[in-house]
Amino acid sequence: EGMALPQRIVSPPEKICMDWQQRQRPGAGLFNLGNTCYINVVLQCLTYTPPLANYLLSYEHSQSCQQQGFCMMCTMEAHVRKVLSSSASAILPRAVLRDLKFIGEEFEYGRQENAYEFLRCTLSAMHRACLSGSSNTDVSSQQTTIIHQIFGGFMKYTVTCLSCQAVVDSYKAFLDVSLDIRVRASSLTTALEDCVTPKKLDQKECFRCSKCKKKAAASKKVTVHHAPRVLTLCLERADQWTGTKISKFVEYPEYLDLRPYMSDTAGEPLLYSLYAIVVHSGDTCLEGHFLCYTKASNGLWYKMDDESVDNCDIHTVLGQQAYLLFYVR
């Protein structure tokens, strides 16, 4: 599976600014209209993603948008501007709630949904909006959207034949990384180490070696080949076998070096800074409540629980049972 690695896309420097262009107090909270907390936390985390917010606040997309009807980029642009400029303590994300079905067909208004799935669908909808009206549909051109330039990276899959040691490499684009925490992961670094440790393919994953021309046992190693500007991590808290929630505490750092998990581990450190987390409270993953902690443009941390926006410190942030983690280069 996978594909050949497209040529690395170098974006115009004026399009992506990693630091906040304007520093201010945090914006408004978001009203919960009944089981909409999963929407609120994703919107808040994206609102406080510096390179995305800078781009949306520049009006660059809406000034050239030719899409008829629903456009997720225009929706997010209006939302971010409203949140950050509102004098009200809380606002209603009316446009997002109204067009929920356009973001993801599986979402049903009034029903509790998963924040991670909503994040993935939101980023995909924004990506599609960037491609709308474009005549370029090949893989390389799809990596040039502002969404892929901010959140996108490439994973490298290295499969080694255990019979003749032949190696096959392939690549796959990603907007987020999901990490298994079921077994031994007590920290984010342990989960990342597990992710890049070579694993023997099971019998269901048939591997036919192109060199020795037969089905053979093989191992697969996954590494980050091209690092994103914004690294989005999901700590898998739903046990895929039992469906129960994994409630253990997984330690995560304020600053993360991604270099040890790259295809090339010999380069300079790839440092990331934590700027948002999503927390789920509840006994099962199908119910409960989502809230988030975000770092505003003024450099201070805030607990954002629907309409409530309250000061907090980094020690409080690092002590949470995190579900989603957002790091920026």
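The structure reproduced in this document is the subject of the present report. Worth saying up front: this structure is predicted, and the values here are computed from it rather than measured.

Conventions we followed
Residues numbered from 1 in each chain as written. Predicted model: local features only at pLDDT ≥ 70, side-chain atom pairs only at ≥ 80, totals over all residues. Heavy atoms only, no water. Helix = DSSP H or I, 4+ residues; strand = E, 2+ residues; numbered from the N terminus. Rg over C-alpha atoms; globule rule 2.2 N^0.38 Å. Buried < 20%, exposed > 50% of the residue type's maximum accessible area, 1.4 Å probe, protein only. Contact = heavy atoms within 4.5 Å. Areas by Shrake-Rupley, 256 points an atom, 1.4 Å probe, with all protein chains shown as cover. Lys, Arg positive; Asp, Glu negative; His and termini not counted. Charge placed at Lys NZ, Arg CZ, Asp CG, Glu CD. Core = buried A, V, L, I, M, F, W, Y, C linked by side-chain atoms within 4.5 Å. Phe/Tyr/Trp six-rings, centres within 6.5 Å; stacked < 30°, edge-to-face > 60°. Pairing = 2+ DSSP bridges. Axes fitted to C-alpha atoms, helices over the stretch in contact; angles between N-to-C directions. Polar contact = N/O pair within 3.5 Å; in protein donor to acceptor, adjacent residues only side chain to side chain. Expected span 1.5 Å × (residues − 1). Parallel < 35°, antiparallel > 145°, perpendicular 65-115°, else oblique.

Take the overall build of the protein next. Along its length, the protein carries 11 helices and 16 strands. Against the 2.2 N^0.38 benchmark of 20 Å for 329 residues, the protein shows a C-alpha radius of gyration of 21 Å, consistent with a compact globule. Here the C-alpha coordinates of the protein stretch approximately 70 × 45 × 40 Å along the principal axes. When burial is assessed residue by residue, the protein has 49% of its 329 residues classed as buried. The long-range fraction of contacts in the protein, counting pairs at least 24 apart against all pairs at least 6 apart in sequence, stands at 68%. Of the roughly 16000 Å² of accessible surface on the protein, a fraction of 49% belongs to carbon and sulfur atoms. Across the protein, the centroid of the 34 positively charged side chains sits 7 Å from that of the 33 negatively charged ones.

What follows is about helix 2 (residues 50-57). Counting buried positions along helix 2 yields seven of eight residues, so the element is predominantly enclosed. Of the residues one or two after helix 2, Y59 is the one with positive phi, at around 65 degrees.

If you look at the biggest cluster of nonpolar residues, it comprises 60 residues, and the most contacted ones within it are M73, F118, I147, F151 and V278. The greatest single-element share of this core, amounting to nine residues, is contributed by helix 7 (residues 115-131). In contact with V278, not counting residues within four places along its chain, are V41, C45, A115, F290, L291, C292, A322, Y323, L324 and F326. Listed in part, the 36 residues of the second largest apolar core include L233, Y272, I277 and V279.

Moving on to the packing of aromatic side chains. Under the counting rule described, the total for this entry stands at six aromatic pairs. On the numbers, 5.3 Å between centres and 20 degrees between planes, the contact of F70 with F102 is stacked. With F70 in the loop between helix 3 (60-64) and helix 4 (72-85) and F102 in helix 6 (residues 100-103), the pair connects residues that are 32 residues apart, well separated along the chain. An angle of 70 degrees between the planes, with centres 5.4 Å apart, marks the rings of F107 and F118 as edge-to-face. Residue F107 is located in the loop between helix 6 and helix 7, and its partner F118 is located in helix 7; the two are separated by 11 residues in the primary sequence. Grouping aromatic residues by their ring pairs yields a cluster made of Y38, F107 and F118.

To continue, consider the sheet that holds strand 3 (residues 153-161). Strand order across the open sheet formed by four strands is 4-3-9-6, with antiparallel pairing between neighbours. Each of the sheet's edge strands pairs with one partner strand only, and the pair in question is strand 4 (167-174) and strand 6 (199-200). Docked against the sheet, helix 10 (residues 188-196) engages strand 6 and strand 9 (218-226), running at close to 125 degrees with respect to strand 9.

Here we come to the environment of Q165. Mapped onto the elements, Q165 comes out in the loop between strand 3 and strand 4. Measuring from C-alpha to C-alpha, the distance between Q165 and C212 comes to 9.6 Å, with 47 residues separating the pair along the chain. A polar atom in the side chain of Q165 sits 3.5 Å from the backbone oxygen of L162.

Right, let's get into the environment of H61. As for its placement among the helices and strands, H61 is situated in helix 3. We classify H61 as buried; its relative accessible area is 8%. For the pair H61 and K220, spaced 159 residues apart in sequence, the C-alpha separation works out to 40 Å. Excluding residues within four positions of it along the chain, H61 makes contact with Y55, C71, M73, C74, E77 and A129.

Moving on: helix 7. With 17 residues, helix 7 ought to run about 24 Å at 1.5 Å a step, and its terminal C-alpha atoms sit 24 Å apart, in line with that. Along helix 7, the residues classified as buried are A115, Y116, F118, L119, C121, T122, L123, A125, M126, H127 and A129. Its side-chain oxygen at 2.7 Å from the backbone nitrogen of Y116, N114 defines the N-terminal cap of helix 7.

Bringing the packing of helix 4 against helix 7 into the picture now. Direction vectors running N to C along helix 4 and helix 7 enclose 115 degrees, while the axes themselves pass 7 Å from each other. Considered as vectors, helix 4 and helix 7 are oriented roughly perpendicular to each other. Between helix 4, through M72, M73 and M76, and helix 7, the contact on the second element is made entirely by T122, A125, M126, A129 and C130.

Attention shifts here to the pairing of strand 14 (residues 301-305). Consecutive residues of a regular strand have side chains that alternate between opposite faces of the sheet. Pairing of strand 13 (residues 289-295) with strand 14, which is carried by four bridges, proceeds in the antiparallel orientation. Bridging across to strand 14, Y293 finds its partner in K303. Bridge analysis of strand 14 against strand 15 (residues 308-312) gives five bridges, and the strand direction is antiparallel. Looking at strand 15, one finds that Y302 is bridged to N311.

Note that every value here comes from positions in space, so none of it alone points to a role or purpose.
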